[in-house]
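Tertiary structure, described
Each chain, letter by letter, is given below.
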Amino acid sequence: MREHEQEQTHLDIDEETLFIVSQTFKALSDPTRLRILHLLFQGEHSVSDIAAKLSLLQSTVSHQLRFLKNLRLVKFRREGTTLYYSHDDKHVIDLLQQAIEHAQHH
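The paragraphs below set out a description of the structure included in this document.

So, how was this worked out
Residues numbered from 1 in each chain as written. Predicted model: local features only at pLDDT ≥ 70, side-chain atom pairs only at ≥ 80, totals over all residues. Heavy atoms only, no water. Pairing = 2+ DSSP bridges. Helix = DSSP H or I, 4+ residues; strand = E, 2+ residues; numbered from the N terminus. Contact = heavy atoms within 4.5 Å. Axes fitted to C-alpha atoms, helices over the stretch in contact; angles between N-to-C directions. Buried < 20%, exposed > 50% of the residue type's maximum accessible area, 1.4 Å probe, protein only. Lys, Arg positive; Asp, Glu negative; His and termini not counted. Salt bridge = Lys/Arg side-chain N within 4 Å of Asp/Glu carboxyl O. Expected span 1.5 Å × (residues − 1). Polar contact = N/O pair within 3.5 Å; in protein donor to acceptor, adjacent residues only side chain to side chain.

Right, let's talk about the sheet that holds strand β1 (residues 45–46) for a bit. Ordered by their spatial adjacency, three strands build an open sheet running β1-β3-β2, and the pairing between neighbours is antiparallel. For this open sheet the edge positions go to β1 and β2 (74–79), each flanked by a neighbour on one side alone. Set on the sheet, helix α3 (residues 31–42) makes contact with β1, β2 and β3 (82–87); between it and β3 the angle comes to about 90°.

Structure below.
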């Protein structure tokens, strides 16, 4: 494949993919969602645990987790009446980690 053809292949992105990518960056543009994702990168947590560790209201955490879950960035499991959340997309965690490293690089 010629170089120009390779470049063109990488530039052709369908509308659905563009939308998902833009929504992912939208999710990562919010400091509260970033804090939640960073915490979930370290391990599984319940809503009340996330709220306590990040000094947030449980309603705020629930709202942000719903947003992240709809984008398949987090997943949950139920144990009794408690939901435990964890990250659901290693690619996004890698993006987040790279962005943190970039921001901390002097």
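Having seen the model, we can carry on.
In this structure, β2 lies alongside β3, joined through six bridges in antiparallel fashion. For Phe 76, the partnering residue across the bridge sits in β3 and is Tyr 85. Taken together, β2 and the strand that follows it, β3, pair antiparallel across an intervening segment of two residues, in which Gly 80 is found at a positive phi of about 70°.

Attention shifts here to the side chain of Arg 33. Topologically, Arg 33 is positioned in helix α3. Buried Arg 33, no salt bridge; nearest opposite-charge side chain is Asp 30, N-O distance 4.2 Å. Those residues within four positions of Arg 33 in sequence are excluded, and the remaining contacts are Lys 26, Ala 27, Gln 64, Phe 67 and Leu 68.

Looking now at α3. Along its twelve residues, α3 runs 17 Å from first to last C-alpha, staying within 8% of the 16 Å computed at 1.5 Å per residue. N-capping of α3 is provided by Asp 30, with a side-chain oxygen placed 3.0 Å from the backbone N of Thr 32.

On to the pattern of salt bridges, then. If you walk through the whole model with that rule in mind, you get three salt bridges. Between Arg 77 and Glu 44 there is a salt bridge, with the nearest N and O atoms lying 2.8 Å from each other. Of this pair, Arg 77 sits in strand β2 while Glu 44 sits in the loop between α3 and β1, and the two are 33 residues apart along the sequence. Each of Glu 44, Arg 77 and Glu 79 takes part in a single network of salt bridges with overlapping partners.

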